[in-house]
Amino acid sequence: MPTPHNAAKEGDIAKTVLMPGDPLRAKFIAENFLENPVCFNTVRNMLGFTGTYKGKKVSVMASGMGQPSIGIYSYELYKFYGVENIIRIGSAGSYKEDLNIFDVFVADDAYSESTFAKTLDGSTESILQPSKKLTDAIKETAGKLGIKIYSGRVHSSDIFYHKESSDYKSGIESNDCDCVEMESFALFANARALKKNAACILTISDSLVKHEETTAEQRQTAFTQMMQLALETALVV
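Rules used throughout
- Residues numbered from 1 in each chain as written.
- Predicted model: local features only at pLDDT ≥ 70, side-chain atom pairs only at ≥ 80, totals over all residues.
- Heavy atoms only, no water.
- Helix = DSSP H or I, 4+ residues; strand = E, 2+ residues; numbered from the N terminus.
- Buried < 20%, exposed > 50% of the residue type's maximum accessible area, 1.4 Å probe, protein only.
- Phe/Tyr/Trp six-rings, centres within 6.5 Å; stacked < 30°, edge-to-face > 60°.
- Axes fitted to C-alpha atoms, helices over the stretch in contact; angles between N-to-C directions.
- Parallel < 35°, antiparallel > 145°, perpendicular 65-115°, else oblique.
- Left-handed = near helix turned anticlockwise from the far one by under 90°.
- Contact = heavy atoms within 4.5 Å.
- Nonpolar A, V, L, I, M, F, W, Y, C, P; charged D, E, K, R; others polar.
- Expected span 1.5 Å × (residues − 1).
- Arc of directions from axis to C-beta.
- Salt bridge = Lys/Arg side-chain N within 4 Å of Asp/Glu carboxyl O.

**Looking at the environment of Leu18**
Then, in step 1: Considering the arrangement of structural elements, one finds Leu18 in strand 1 (residues 16-19).
Then, in step 2: With relative accessibility at 0%, the residue Leu18 sits in the buried group.
Then, in step 3: C-alpha of Leu18 to C-alpha of His211: the two residues are 193 residues apart in sequence and 29 Å apart in space.

**Considering the packing of aromatic side chains**
Then, in step 1: The full count for this structure, using the stated rule, is three aromatic pairs.
Then, in step 2: When the ring of Phe102 is compared with that of Phe223, the centres are 6.0 Å apart and the planes differ by 85 degrees; the resulting orientation is edge-to-face. Placement of Phe102 in the loop between strand 5 (85-94) and strand 6 (104-111) and of Phe223 in the loop between helix 7 (216-221) and helix 8 (224-234) is noted, with a sequence separation of 121 residues between them.
Then, in step 3: Measuring from ring centre to ring centre gives 4.8 Å for Phe160 and Tyr161, while their planes differ by 75 degrees; the resulting arrangement is edge-to-face. In this pair, the class of Phe160 matches that of Tyr161, namely exposed.

**Structural notes on the packing of helix 1 (residues 23-33) against helix 8**
Then, in step 1: Running from N to C, helix 1 and helix 8 point in directions that differ by 65 degrees, and their axes come no closer than 12 Å. Here helix 8 runs roughly perpendicular to helix 1, going by the angle between their axes. Seen along the crossing, helix 1 lies across helix 8 with a hand that is right-handed. Within the contact between the two elements, helix 1 uses Arg25, Phe28, Ile29 and Phe33 and helix 8 uses Thr224, Met226, Met227 and Leu231.
Then, in step 2: Residues belonging to the contact of helix 1 with helix 8 are distributed by class as follows: six nonpolar, one polar and one charged.

**A word on helix 4 (residues 132-145)**
Then, in step 1: Here helix 4 contains 14 residues, and its C-alpha end-to-end distance of 20 Å stays within 8% of the 20 Å for a straight helix at 1.5 Å per residue.
Then, in step 2: Inspection of helix 4 places Leu134, Thr135, Ala137, Ile138, Thr141 and Ala142 among the buried residues, and these make up the whole buried set. For helix 4, the angular spread of the buried residues around the axis is 155 degrees, confining them to a single face. Residues Lys132, Lys133, Gly143 and Lys144 are exposed on helix 4 and point more than 90 degrees away from its buried face.
Then, in step 3: Those residues of helix 4 that are buried lie in contact with strand 5, strand 6, strand 8 (149-156), strand 10 (197-207) and helix 8.
Then, in step 4: Just beyond helix 4, the residue with positive phi is Gly146, at close to 75 degrees.

**Comments concerning unusual backbone geometry**
Then, in step 1: Phi is positive for Asn36, which is not a glycine, with a value near 50 degrees.
Then, in step 2: Residue position: Asn36 is located in strand 2 (residues 35-41).

**Brief notes about the environment of Ile172**
Then, in step 1: Among the structural elements, Ile172 can be located in helix 5 (residues 166-174).
Then, in step 2: Assessed through its relative accessible area of 10%, Ile172 is described here as buried.
Then, in step 3: Expressed as a C-alpha distance, the spacing of Ile172 and Thr203, which sit 31 residues apart in the sequence, is 19 Å.
Then, in step 4: If we skip the residues at most four places from it in the chain, Ile172 touches Tyr95, Tyr111, His155 and Cys177.

**Concerning the pattern of salt bridges**
Then, in step 1: Under the criterion given, the structure shown has 13 salt bridges.
Then, in step 2: Residues Glu232 and Lys54 are paired through a salt bridge, measuring 2.6 Å at the closest nitrogen-oxygen approach. In this pair, Glu232 is assigned in helix 8 and Lys54 in the loop between strand 3 (48-53) and strand 4 (56-61), connecting sequence segments 178 residues apart.
Then, in step 3: Take Glu232: its relative accessible area is 13%, and that puts it in the buried class.
Then, in step 4: Residue classification places Lys54 among the exposed positions, given a relative accessible area of 56%.
Then, in step 5: As a salt-bridge pair, Lys139 and Asp108 come within 2.7 Å of each other at their nearest N and O atoms. Highlighted residues: Lys139 in helix 4 and Asp108 in strand 6, separated in sequence by 31 residues.
Then, in step 6: A relative accessible area of 32% means that Asp108 is categorised as partly exposed.

The following block contains the structure:
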């Protein structure tokens with residue numbers, strides 16, 4: 001059963017997986033929110049754990065950074081381990097004045113310049129949607145928990161460091177992106193290709209407008225509202 005990137009065996013992974021980018025965030029969630037967590041993967045230190053949350057089996061596994069990385073891990077979870085739902089729980093940089101650090105953002109869709117979807121299955125779309133049912137469940141759960149959320153379009157960028165250029169900015173502006181991260185577009189592409197479910201919850205970790213940012217430690221351990229929202233959603237899907 002193990003793949004080249006995942007040492008898990010059949011039955012080790014739950015139908016719903018929470019997927020942060022950072023392996024240490026996965027470890028933090030497992031140790032602080034799951035009952036009786038068991039580590040099912042340490043290959044390349046891309047940590048994965050399965051435990052129970054309020055009696056329901058839930059897994060959490062890191063995706064690493066960027067679309068190629070989440071593309072590999074999410075594809076294998078869907079294709080080889082019977083996973084039905086992946087909820088990305090990541091960080092993002094705000095493009096908008098009214099999105100502040102620590103705000104919780106739910107992706108309605110993802111824009112990208114990436115060729116990931118085209119290479120995967122020939123799709124020429126630059127905007128992909130998450131699974132409506134799963135995204136609606138997240139929003140409904142947020143309302144029940146009293147968690148204020150923002151929603152809109154994320155920019156899934158392949159580039160973290162880049163030269164300033166009008167072409168780069170024009171795509172963001174013309175597509176009215178609210179924030180930027182590096183993984184959702186590929187996750188949504190895999191889910192669509194394999195007829196699975198994907199959604200994305202982000203915490204704003206820095207503002208590209210106000211030039212504010214969180215620390216690495218805060219990104220690892222302080223985004224607890226997002227973690228709680230994903231876990232509570234896992235109970236109803």
